[in-house]
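# Report on the structure
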Amino acid sequence: MNNIRAFLDSLDLADQQSRRMDCPSCHSKNTFSALNDGGSIVYNCFKLNCSLTGAYHTGMTAHEIRLRLAKVAKPEPTEPETMTIPEYVVQPQHEHELFWKYIDKWGIPFDTLMYDVKDKRVVFPIFYKGRMIDAIGRSLSGQQPKWLRYTGVADYYVLGNSKSIVLVEDTLSAMIATQSVEGLSAMAILGTSLTDKHMAKLGEYNFIIVALDPDAAHKTLIYKKEIESWTGLDTIALRLDDDIKYRVSSDIEKLRVLTND
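Residues numbered from 1 in each chain as written. Predicted model: local features only at pLDDT ≥ 70, side-chain atom pairs only at ≥ 80, totals over all residues. Heavy atoms only, no water.

## Section: the overall build of the protein
Rules: A run of DSSP states H or I qualifies as a helix once it reaches four residues; a run of E qualifies as a strand once it reaches two. Both are numbered from the N-terminal end. Radius of gyration: C-alpha atoms only; globule rule: 2.2 Å multiplied by the number of residues to the exponent 0.38. Only protein chains enter the accessibility calculation, which uses a 1.4 Å probe. A residue is then buried if its area is under 20% of the maximum for its type, exposed if over 50%, and partly exposed in between. We call two residues in contact when some of their heavy atoms are within 4.5 Å. Residue exposure ignores everything except the shown protein chains as possible cover, and the areas themselves are Shrake-Rupley values with a 1.4 Å probe. Asp and Glu are treated as the negative residues and Lys and Arg as the positive ones, with His and the ends of the chain left uncounted. Just so you know, the charge point we use is NZ for Lys, CZ for Arg, CG for Asp and CD for Glu.
When helices and strands are tallied, the protein shows seven helices and 14 strands. Computed over its C-alpha atoms, the radius of gyration of the protein comes to 23 Å, more than 25% above the 18 Å expected for a compact globule of 261 residues. Seen through its C-alpha atoms, the protein measures out along the principal axes to roughly 75 × 40 × 30 Å. Among the 261 residues that make up the protein, the fraction classed as buried is 42%. Put simply, 49% of the contacts in the protein that link residues at least 6 apart link residues at least 24 apart. A total accessible area of about 14,400 Å² is found for the protein, and carbon and sulfur atoms account for 51% of it. Averaging the positions of the 30 positive and the 34 negative side-chain charges in the protein gives two centres separated by 3 Å.

Next comes the structure, spelled out in structure tokens:
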């Protein structure tokens, strides 16, 4: 309760003044409201699975509030550590036949990729502020797991600089989506559910398309609703004819139309 009181005090609301903003607890976009009703601060988050709600009487002057806030410790931001690349993850060489077969099959650029010679995986590096912090390795020999996280530090894999973004199934699909549609960014969430960190990243965009594989149509609709609820952004659930990575012309055209509207 002390943390939420400090947050509400920082708003310095005048009598009968209200504010609508992102929730300080669940971080949903524009779902939190606070009202100063005669010295009682009434607050509530409208996100269904957030329990942040209540009221309290401040009993403090504006000067006292400022003194109190000056004593609240601000947590230091944490930066992900740079990944130590294993000695068996190398730049692809001519003799790495499985790697080149994969590149040729999917028609993707290889200049940013690496190769795991021990487990025979094509490696998709993940960067943060120019530093490699994680990587995703796709097995080329049937070894499990099919997709391997090397550090587990990264929350998502994102390509592109456009303000329109498509949410896809995996890193390969993200790469092919950005290759196939100009002016489109892509995100693979590297997991089975959306988190607040995914939502924070998606909140940086203007327009979101959810385009999971056809056999995940139900999850596509769930993600659309969750993203709209958390971010308040326009979000489209796109029904695909096949996986994005297969570059089916009807699916690519749907993405182009949505991106250019």
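Here the narrative resumes.
## Let's talk about the confidence of the model for the protein
Stated precisely, the cut-off is as follows: pLDDT is defined as a per-residue confidence score from the predictor, taking values between 0 and 100.
Per-residue pLDDT for the protein has a mean of 87; in total, 91% of the residues score no lower than 70. Note on residues 63-74: pLDDT under 50 across the span, and 13 contacts to partners over four residues away in sequence or across chains.

## Points about helix α7 (residues 249-260)
The line we're drawing: The span one expects for a helix is its residue count, reduced by one, times 1.5 Å. What the arc measures is the spread of directions leading from the helix axis to the C-beta atoms.
Taking 1.5 Å of rise per residue, 12 residues should cover 16 Å, and α7 covers 16 Å from first to last C-alpha, within 8% of that figure. Of the positions making up α7, those classed as buried are D251, I252, L255, L258 and T259. Projected onto a plane normal to the axis of α7, the buried residues spread over an arc of 130° and lie on a single side. Among the exposed residues of α7, those oriented more than 90 degrees off its buried face are S249 and N260.

## Structural notes on the sheet that holds strand β6 (residues 114-116)
Adjacent strands of a sheet form backbone hydrogen bonds with each other and so pair up, either parallel or antiparallel. The condition is simple: In this scheme, strands are said to pair when DSSP sees at least two bridges between them.
Spatially, the five strands line up as an open sheet ordered β5-β6-β7-β8-β9, and their pairing is antiparallel. A strand with exactly one partner marks an edge of an open sheet, and here the two such strands are β5 (89-90) and β9 (147-149). Sheet analysis places β6 next to strand β7 (residues 121-128), joined by three bridges and oriented antiparallel. Paired with M114 across the two strands is V123, which belongs to β7.

## Section: the nonpolar core
Basically, it comes down to this: Here the nonpolar core consists of buried residues drawn from Ala, Val, Leu, Ile, Met, Phe, Trp, Tyr and Cys, with membership extended through side-chain atoms lying within 4.5 Å.
In this structure, Y102, I108, L113, F124, V166, I209 and L255 are the most contacted members of the largest nonpolar core, which totals 35 residues. Secondary structure elements with two or more residues in this core: α3 (97-106), β7, β8 (131-139), β11 (164-168), α4 (171-180), β12 (185-188), β13 (207-210) and α7. It is α4 that contributes the most residues to this core, five residues altogether. Sequence-distant contacts of L255, defined by excluding residues within four places in its chain, comprise V166, V181, L184, I209, L238 and I244.

## A few points about the packing of aromatic side chains
How we decide: Side-chain rings of Phe, Tyr and Trp (the six-membered ring for Trp) are treated as a pair once their centres are within 6.5 Å; stacked means planes under 30 degrees apart, edge-to-face means over 60, and tilted covers the remaining angles. We call a charge positioned over a ring when the NZ of a Lys or the CZ of an Arg lies within 6 Å of the ring centre and within 35 degrees of the ring normal.
Enumeration over the complete set of coordinates arrives at eight aromatic pairs. On the numbers, 4.9 Å between centres and 80° between planes, the contact of W100 with F110 is edge-to-face. Of this pair, W100 sits in helix α3 while F110 sits in the loop between α3 and β6; the two residues are 10 residues apart in sequence, bridging distant segments of the chain. A cation sits over an aromatic face here: R138 above W147, 5.7 Å from the ring centre. The ring of Y205 is capped by K163, whose NZ or CZ atom sits 5.4 Å from the centre of that ring.

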